[in-house]
Amino acid sequence: VQLQASGGGLVQAGGSLRLSCAASGRTFSSYVMGWFRQAPGKEREFVAGIGVNWSGGNEYYADSVKGRFTISRDNGKNTVYLQMNSLKPEDTAVYYCAARRGQTVQVVPSTYDYWGQGTQVTVSS
């Protein structure tokens, strides 16, 4: 599986961005998908994840983004999205999408098998 993230940019605090992650291959629907981020000098951290059988209620969020970010997937388009609203300066980071085999969302980066190249999100105050 190859992943290509896009949609990052510069936005003012309180603004919104929508990240996309397009996946190659015909087995996208069988992968758990996650979004992670890494700020300068910090470790990569879990942002949001969505399970394989997504019919609602199978998505998970870090406490820091809950209520502001929404993850979704379109298996017909082999794409996972991250809608980010009410952005804060502390959301500034490189955002990565990732895929893992299995049925459950995990928050540890090393449990994911494939990674996209990352897209920069910068939130100005």
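One can find the structure itself at the top, above this paragraph.
This report concerns the structure included in the present document. (Residues numbered from 1 in each chain as written. Predicted model: local features only at pLDDT ≥ 70, side-chain atom pairs only at ≥ 80, totals over all residues. Heavy atoms only, no water.)

Considering unusual backbone geometry
And then number 1: The backbone of Asn78 shows a phi angle near 55 degrees, a positive value even though the residue is not glycine.
And then number 2: Mapped onto the elements, Asn78 comes out in the loop between strand 7 (69-74) and strand 8 (79-84).
And then number 3: Residue classification places Asn78 among the buried residues on the basis of a relative accessible area of 18%.
And then number 4: For Ser86, which is not glycine, the phi dihedral falls at a positive 50 degrees.
And then number 5: Take Ser86: it is sitting in the loop between strand 8 and strand 9 (93-100).
And then number 6: Here Ser86 falls in the partly exposed class, since its relative accessible area comes to 41%. (Helix = DSSP H or I, 4+ residues; strand = E, 2+ residues; numbered from the N terminus. Buried < 20%, exposed > 50% of the residue type's maximum accessible area, 1.4 Å probe, protein only.)

Points about the packing of aromatic side chains
And then number 1: On inspection of all chains with the given rule, the structure shows six aromatic pairs.
And then number 2: Between the aromatic rings of Phe36 and Tyr112, the centroid separation amounts to 5.0 Å while the plane-to-plane angle is 80 degrees, which identifies the pairing as edge-to-face. You can see Phe36 sitting in strand 4 (residues 32-38) and its partner Tyr112 sitting in the loop between strand 9 and strand 10 (114-115), a full 76 residues away along the chain.
And then number 3: Of the residues examined, Phe36 reaches a relative accessible area of 0% and is grouped as buried.
And then number 4: Above the plane of the ring of Phe28 lies Arg73, whose end atom (NZ or CZ) is 4.7 Å from the centre. (Phe/Tyr/Trp six-rings, centres within 6.5 Å; stacked < 30°, edge-to-face > 60°. Lys NZ or Arg CZ within 6 Å of the ring centre and 35° of its normal.)

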